[in-house]
Amino acid sequence: MTGAEIIATLEAECSTKIKSTKADAIDPFVFVEPGDLVAVATVLRDHAKLKFEMLNCISGVDYLELDPKKIAKAGFEPHVEVVYHFSSFTHKHRFVVKVSLPRWKDNKPGELPEVPTLSPLFPAADWHEREAFDLVGVNFVGHPDLCRILLADDWVGHPLRKDYEFPLEYHGIRGR
Amino acid sequence: MVTASLIPQDQTIVEFDVRTDEMLVNMGPQHPSTHGVLRLVLRTDGEIISEAMPHLGYLHRCAEKIGENLLPIQFIPYTDRMDYLAGMNMNLGYSLAIEKLCNMKIPEKASVIRVIVSELNRIASHLVAMGTYGLDLGTFSPFLYAFREREMILDLFEEVCGARLTYSYLTIGGAHDDLPDGWIDHCQQFLDYFEPRIPEYHTLLTTNHIFVNRTANIGVCSKELAIQHACSGPMLRGSLNARKNDTAWDLRKIEPYSDYDKYDFKVVIPPFDMAPPEAVVGDCWHRYMVRMLEVVESIKILRQALDRYPKAAGSHRVEVPKHLAAGDAYVETECPRGQMGFYVVGSNAKGQVPLRVRARSSSMANLSLASKLCEGCLIADIPAIIGSIDIVMGEIDR
């Protein structure tokens, strides 16, 4: 199925849960609210025409332009996106689901934005979510063991945030 | 003969079923059979593993953070260092992602060069996988044979780009240089030399009695489990069964890139004629065998590509646009270890530098299954299972 057909099928199934769609993007995608993510992912996995059994990748993207002169040119509000890349073994097609989150929960710096976990539906999500938590700083609510995966357990901060500052030293090892 | 009087009447005096205590055993990160710096914490009951917990991150080099500060072409050398056994395939994946974002058309000649070098690299990578798998299981000689042949591939690569491990040869818009004069003949000579050597490996390893005992029916992974964990490459294909009409899942066939649809080759999935009676589909032996047969298919592709090269139209490289388009693109390619994905986000404000680079590691998805496969097996089977997954930690930790 093409991206437009997948979007049409998805809208027929759960139109209220889809915030916006973009069928003419390079990889067609839909935006969903964090609260509706699990419902939409269940439809994607179980619907006979969709059958997205594989969750290939979860990426966190921090949309933030630090240079004040370029903010207007960048053309986006600061936010964090979690991007889910699905593919279907049965039907050999792909689809993308995006969730838009505030950079910090309730605009309190340090409080991680929250999105429900997909690991009960897709075991592959387990490590990808841990990585997104570790590097981008997204809290996957309900994850069985949300701890750092690539960085050390006592590391502070989330390096793939645009405003991350590299520590001056770590256990006596000089940085910068 | 034990008389009845010697057997204690009170059964509580002698306890025969003394339980061994559970023990936590740390394996790695410097253990040679964990293929790099993988650390496994094993919960054991005697010789039986009850839980295996992988710990990652010992080779983390912030490749994704570096990627969002460099021009795409400057990031190519970093992709080499992800899966360092298949640098060409990594270069190709990142180049395709940027090209998809910029909607670039690649000349036919560049595509043919890409196919040639990435298939050669696939052979080299599978040779290492086969050789080191032998080392893991205690046989040294296949390793020497595998490296003898791999050396020749590295010589060919050295002729092409001057490097033997980190090539940075395939780049955005094509390949960095055209193939040198006479290289096609050298490559043809190598294939003529290499092809008759493959039966040697089979006699050395595939049908070796000890090797079969160590790998057959060990670490069996079902098709459903592999799909749930988004496994790919030989890990997934080793669990498929052509007799059950499973799709032969290979991105070169499913979503052809670089004109792979113009080449005649088949995707190998079990069952195999050479399979020993004790092997079952999805075990370590089948994963190993998929790699061995993929090498034969790669030779087929290479021969066609070498014929195609002199007639191929266009240049080996086209110019890269000055600005990345705002938007995002995700590309997966079939690397020796599975589907390597690159997700690139472009921004209007950053010019040619991407806003975000994300590498989806195939080994990481495959390794996430390891703890399930290791449950209930013997400690001695751990190297057999980890070796059959064929991980490269540089790619997992990035």
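One can find the structure itself at the top, above this paragraph.
Each chain carries its own residue numbering, running from 1 in the direction its sequence is written. Just so you know, chain letters begin at A and ligand numbers begin at 1, following the order they were written in. Given that this is a predicted model, residues contribute local features only at a pLDDT of at least 70 and side-chain atom pairs are listed and counted only at 80 or more, while totals for whole chains, interfaces and linings are drawn from all residues. Water and hydrogen atoms were dropped before computing side-chain values, which therefore reflect all heavy atoms in the structure.

For the rest of this paragraph, the subject is the overall build of chain A. Put simply, DSSP marks the helices as runs of H or I at least four residues long and the strands as runs of E at least two long, and each gets a number from the N terminus on. Counting its regular elements, chain A contains four helices and nine strands. In terms of overall size, chain A behaves like a compact globule, its C-alpha atoms giving a radius of gyration of 18 Å where 176 residues would be expected to give roughly 16 Å. In terms of principal-axis extent, the alpha carbons of chain A reach across some 55 × 40 × 30 Å. The classification of residues rests on relative accessible area computed with a 1.4 Å probe and restricted to protein chains. Under 20% of the type maximum is buried, over 50% is exposed, and intermediate values are partly exposed. By the burial criterion, 55% of the 176 residues in chain A qualify as buried. The protein chains shown are the only cover counted for residues, whose accessible areas, like all others here, come from Shrake-Rupley with a 1.4 Å probe. For chain A, the exposed surface amounts to about 8100 Å²; the carbon and sulfur share of it is 54%. Restricting the calculation to C-alpha atoms gives the radius of gyration, and the globule rule supplies 2.2 Å times the number of residues raised to the power 0.38.

Counting residues in each nonpolar core, the largest one holds 161 residues, and the members touching the most others are L10, Y84, F86 and L118 of chain A together with I116 and Y169 of chain B. Looking at this core element by element, the count peaks at twelve residues for helix α12 (residues 284-308) of chain B. To qualify as a nonpolar core, a set must consist of buried Ala, Val, Leu, Ile, Met, Phe, Trp, Tyr and Cys residues joined through side-chain atoms within 4.5 Å. Grouped together as the second largest cluster of nonpolar side chains are 15 residues, F29 and C57 of chain A together with V345 and A349 of chain B included.

For the rest of this paragraph, the subject is the sheet that holds strand β3 (residues 54-63) of chain A. Residue and element names in this part refer to chain A. Only strands joined by at least two bridges in the DSSP assignment are considered to pair. The five strands are arranged β1-β2-β5-β4-β3 in an open sheet whose pairing can be described as mixed. Two strands close off the open sheet at either side, each with one partner strand: β1 (18-22) and β3. Going from strand to strand, the sheet's axes swing by 20° on average, the running direction of each strand aside. Here β1 pairs with strand β2 (residues 29-32) via four bridges, running antiparallel. Comment: axis = line fitted to C-alpha atoms, over the contacting stretch for helices; angle = value between 0 and 180 degrees taken between N-to-C directions.

With that settled, consider the side chain of T215 of chain B. Residue and element names in this part refer to chain B. Among the structural elements, T215 can be located in helix α8 (residues 209-215). For T215, a relative accessible area of 0% translates into the label buried. Only heavy atoms enter the contact rule, under which two residues are in contact if any of them lie within 4.5 Å. With residues up to four places along the chain from it excluded, the contact list for T215 reads Y133, L137, D283, C284 and W285.

For an interface, size is often stated in terms of accessible area lost upon the parts coming together. In this complex, chain B contributes 43 residues to the contact, which on the side of chain A involves 40 residues. Buried area: the sum, over both parts, of the accessible surface (1.4 Å probe) that disappears when the two are put together. The junction of chain B with chain A conceals about 3800 Å² of combined surface from both sides, 61% of it contributed by carbon and sulfur atoms. When residues of chain B are sorted by the area they lose upon contact with chain A, W249, A349 and R358 of chain B head the list and together hold 14% of the total. Close ionic contact of E131 of chain A with R398 of chain B constitutes a salt bridge, the shortest N to O distance being 3.0 Å. When a carboxyl oxygen of Asp or Glu lies within 4 Å of a side-chain nitrogen of Lys or Arg, that pair is called a salt bridge.

Looking now at helix α6 (residues 183-194) of chain B. All names here are of chain B. If you check α6, its first and last C-alpha atoms are 16 Å apart, about what twelve residues at 1.5 Å a residue would give, namely 16 Å. Buried residues of α6: W183, I184, C187, F190, L191 and F194, and no others. Down the axis, α6 shows its buried residues gathered within 120° of arc, on one side only. Elements in contact with the buried residues of α6: α4 (108-136), α5 (141-161), α7 (198-206) and α12. Take the number of residues in a helix, subtract one, and multiply by 1.5 Å to get its expected span. In this context, the arc is that of the directions from the helix axis out to the C-beta atoms.

Moving on: helix α15 (residues 381-389) of chain B. Residues and elements named next belong to chain B. With nine of nine residues buried, α15 lies mostly within the body of the structure. For α15, the complete set of buried residues consists of D381, I382, P383, A384, I385, I386, G387, S388 and I389. Following α15 by one or two positions, D390 adopts a phi angle in the positive range, close to 60°.

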